[in-house]
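Residues per chain, in single letters:
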Amino acid sequence: MKFETKVIHAGVEPDPSTGAIMTPIFQTSTYVQSRPGDHKGYEYSRTHNPTRDALQNSIAALEGGDHGLCFSSGLAAIDAVIKLFNPGDEIISGNDLYGGTFRIFTKIFEKYGLKFHFVDMHDVSNIEKYINKNTKLIWAETPTNPMMNIIDIEGVSKIAKANNIIFGVDNTFATPYLQQPIALGADIVMHSVTKYLGGHSDVVMGALVVNNAELADQLAFIQNSCGATPGPQDCFLVLRGIKTLHVRMDRHCDNGRKVAEFLVGHPKVDRIYWPGFEDHPNHAIAKRQMKSYGGMISFTLKGDNQEEAFDIMSKFHLFTCAESLGGVESLCNHPASMTHASIPREERIKNGLLDSLIRLSVGIEDVEDLIDDLKKALG
Ligand SMILES: *Cc1c(COP(=O)(O)O)cnc(C)c1O
């Protein structure tokens, strides 16, 4: 089945009791047992719920994996991954991460005796020098948030396999429509479903996909034991959102290209970060591992003045200033003070995340209206 057919059909069956074509919202916490232990496969909704099952199967199919698990947020999904490990274990992570991921690693898990190394994975050979007998996980985001760096998934997975290390990829920015890490050798794919998979800025949710029954069992055990599961209403909304993923992504990518091209050469704009440009440092890898380049763009201002960035952002009408991304509407964000405020300034600056950096999530509106908005706000 092709991707565009899977988004509509994979994982979902008409309801056997009524024929309802859309998966019902099974708004129930528990399920009747005719005698103890005699039930229809469902006992309690933290463990299993039919609406969540349909969504988990749908996301697994889109990522080309066998097992999907949904969580109450993207961070809850990451939390479950890290709980696979024990004190003394070491994790090698990219150094350009979603701020909340950096925060959960350093502020929550370090105190339980896990050791994290934040590594520039731009060149995958940088990873090898951090590997030792305690290394259990390599974690990468690509494209990264907000610097839009590209990491070679196949290259990292070769290193992980050679050293018997689990390799997880945060695929939030690319979505399975643009990039499928399992096919490139990753063991775990993670999503903030809140973003493009949900697609309508109305749900907070996370997901993991794996292709290994043992890993799936361990993660399902954590999912049920720790309990950060999404409710059925949210699962229904995401099942609905996913049906248009391919159509939305095509438009996000087209609009993203046009907006990025508009920013080139604008007198106020200094650097533009978008992997579709041929002079992007890892453009060749992006071209190889992604179907297209997405609608996320970051740029800095000449002079790097934060006040000027705030001023521009306050003049937007269509690019609404808000956290989050990946919805149908265009958003703008100031990572240094918003999504990435939990990263110390020196760390940020080292990675190029300057005070004037503005991140755009280009929506699916008319692109001329979007460019007009940018033109007016930039002045
Ligand atoms: C938003 C985001 C997360 C966290 O997901 P939540 O659903 O907000 O918990 C993780 N990674 C990336 C790349 C994100 O954009």
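Visitor: For this particular structure, what's the right way to read the pairing of strand β1 (residues 67-71)?
Guide: Regular strands have side chains that alternate between both faces of the sheet. In terms of burial, β1 is a largely internal element, four of the five residues being buried. Pairing of β1 with strand β7 (residues 206-210) involves five bridges; the strand directions are antiparallel. What sits directly across from Phe71, in β7, is Gly206.

Visitor: I would appreciate a short explanation of the pattern of salt bridges in the present structure.
Guide: If charged atoms from side chains of opposite charge come close, those side chains can pair. Applying the stated criterion across every chain yields a total of nine salt bridges. For Lys83, the salt bridge identified is with Asp79, shortest N-O distance 2.6 Å. Put simply, Asp355 and Arg348 hold a salt bridge, and the shortest N to O gap is 3.3 Å. The class of Asp355 is buried, set by a relative accessible area of 12%. Residue classification places Arg348 among the buried positions, given a relative accessible area of 7%. In this structure, a network of salt bridges that share partners links the residues Arg345, Arg348 and Asp355.

Visitor: Is there a simple way to explain the pairing of β7 in this structure?
Guide: Burial analysis of β7 places five of its five residues in the buried class, which makes it a mostly covered element. Pairing analysis gives five bridges linking strand β6 (residues 188-192) to β7, with the strands arranged antiparallel. What sits directly across from Ile188, in β7, is Val210.

Visitor: Please explain the domain arrangement of the protein as it appears in this structure.
Guide: Accessible area lost on assembly of the parts is the figure often given for the size of an interface. Along its sequence, the protein is organised into domain 1 (3-242) and domain 2 (245-378). Here the C-alpha centre of domain 2 lies 26 Å away from the C-alpha centre of domain 1. Per-residue buried area on domain 1 facing domain 2 is highest for Tyr177, Leu178 and Tyr196; these three make up 22% of the total on that side. Where domain 1 touches domain 2, the interface holds one salt bridge.

Visitor: What exactly am I supposed to notice about the site of the ligand here?
Guide: Near the ligand there are 15 residues, and of these Gly74, Asp170, Ser192, Thr194 and Lys195 occur at the shortest range. At 2.7 Å from an oxygen atom of the ligand is found a side-chain nitrogen or oxygen belonging to Thr194. Out of a free accessible area of 380 Å², the ligand has 93% covered by protein chains. Of all the secondary structure elements, the ones that give two or more residues to the shell around the ligand are α3 (74-82) and β6. When its residues are assigned to classes, the shell around the ligand shows six nonpolar, six polar and three charged.

Visitor: What is the right way to read the sheet that holds strand β12 (residues 358-361) from this model?
Guide: In sheet architecture, strand pairing relies on hydrogen bonds along the backbone and comes in two forms, parallel and antiparallel. One open sheet holds the five strands; their spatial order is β8-β9-β12-β11-β10, and the pairing between them is mixed. Strands at the two margins of the open sheet, each flanked by one partner only, are β8 (269-273) and β10 (320-321). Looking at chain direction, strand β11 (residues 331-333) and β12 are connected through three bridges and run antiparallel. When the sheet's bridge partners are listed, Cys332 is paired in β12 with Leu360.

Visitor: Would you mind going over the environment of Gly231 with me for this structure?
Guide: Mapped onto the elements of the fold, Gly231 is located in the loop between α8 (213-226) and α9 (232-242). As for Gly231 and Thr28, which are separated by 203 residues in sequence, their C-alpha atoms are 9.4 Å apart.

Visitor: What's the story with the sheet that holds strand β5 (residues 166-170) in this structure? I'm lost.
Guide: With mixed pairing, seven strands are arranged side by side in an open sheet as β1-β7-β6-β5-β4-β2-β3. Because the sheet does not close on itself, it has two edges, and the strands there are β1 and β3 (115-119). Strand-to-strand twist in this sheet, taken as the mean axis angle between neighbours without regard to direction, amounts to 20°. Contacts from helix α2 (residues 50-63) reach β1, β6 and β7 within the one sheet, and its direction differs from that of β1 by about 125°. Sheet strands in contact with helix α4 (residues 99-109) are β2 (90-94), β3 and β4 (135-141), and its direction is about 150° off that of β3.

Visitor: Which parts of the structure should I look at to understand the nonpolar core?
Guide: Buried together is how nonpolar side chains tend to be arranged in soluble globular proteins. With 68 residues, the main nonpolar core has Leu263 and Leu360 as its most contacted residues. The biggest single contributor to this core is helix α10 (residues 245-263), with seven residues. Both domains that furnish three or more residues to this core are identified here as domain 1 (3-242) and domain 2 (245-378).

Visitor: What's the story with the packing of aromatic side chains in this structure? I'm lost.
Guide: The description of two aromatic rings rests on the distance between their centres and on the angle between their planes. The final tally for this structure, using the stated rule, is nine aromatic pairs. Between Trp274 and Phe277 the ring centres are 5.2 Å apart and the planes differ by 75°, which places this aromatic pair in the edge-to-face class. Accessibility classification places Trp274 together with Phe277 in one group, the buried group. Seen from their ring centres, Phe316 and Phe319 are 5.3 Å apart, and the 50° between their planes marks the pair as tilted. By the burial criterion, Phe316 is buried, and Phe319 matches it. Here a set of aromatic residues connected by ring pairs shows up, and it is made of Phe102, Phe105, Phe116 and Phe118. The ring of Tyr98 carries the charged tip of Lys195 above its face, separated from the ring centre by 5.1 Å.

Visitor: Help me out: how do you make sense of the side chain of His280 in this one?
Guide: Within the secondary structure layout, His280 lies in the loop between β8 and α11 (283-289). What His280 contacts, discounting residues up to four positions off in sequence, is Met148, Asn149, Ile150, Trp274 and Pro275.

Visitor: I'm lost on α2 in this one. Help?
Guide: Count 3.6 residues to each turn of an α-helix, and residues three or four apart come out pointing the same way. Here α2 is 14 residues long and its end C-alpha atoms lie 20 Å apart, about the 20 Å a rise of 1.5 Å per residue gives. Of all 14 residues making up α2, twelve are buried, and the element is well covered by its neighbours. When we look at burial in α2, the residues that qualify are Pro50, Thr51, Arg52, Asp53, Ala54, Leu55, Gln56, Ser58, Ile59, Ala60, Leu62 and Glu63. For α2, the N-terminal cap is Asn49; the gap from its side-chain oxygen to the backbone nitrogen of Thr51 is 2.9 Å. Positioned one or two residues after α2, Gly64 has a phi angle of 70°, which is positive.

Reading guide: rules and limits
Residues numbered from 1 in each chain as written. Predicted model: local features only at pLDDT ≥ 70, side-chain atom pairs only at ≥ 80, totals over all residues. Heavy atoms only, no water. Buried < 20%, exposed > 50% of the residue type's maximum accessible area, 1.4 Å probe, protein only. Helix = DSSP H or I, 4+ residues; strand = E, 2+ residues; numbered from the N terminus. Pairing = 2+ DSSP bridges. Salt bridge = Lys/Arg side-chain N within 4 Å of Asp/Glu carboxyl O. Domains from an automatic or database assignment. Buried area = accessible area lost by both parts, 1.4 Å probe. Near = heavy atom within 4 Å. Polar contact = N/O pair within 3.5 Å; in protein donor to acceptor, adjacent residues only side chain to side chain. Areas by Shrake-Rupley, 256 points an atom, 1.4 Å probe, with all protein chains shown as cover. Nonpolar A, V, L, I, M, F, W, Y, C, P; charged D, E, K, R; others polar. Axes fitted to C-alpha atoms, helices over the stretch in contact; angles between N-to-C directions. Contact = heavy atoms within 4.5 Å. Core = buried A, V, L, I, M, F, W, Y, C linked by side-chain atoms within 4.5 Å. Phe/Tyr/Trp six-rings, centres within 6.5 Å; stacked < 30°, edge-to-face > 60°. Lys NZ or Arg CZ within 6 Å of the ring centre and 35° of its normal. Expected span 1.5 Å × (residues − 1).

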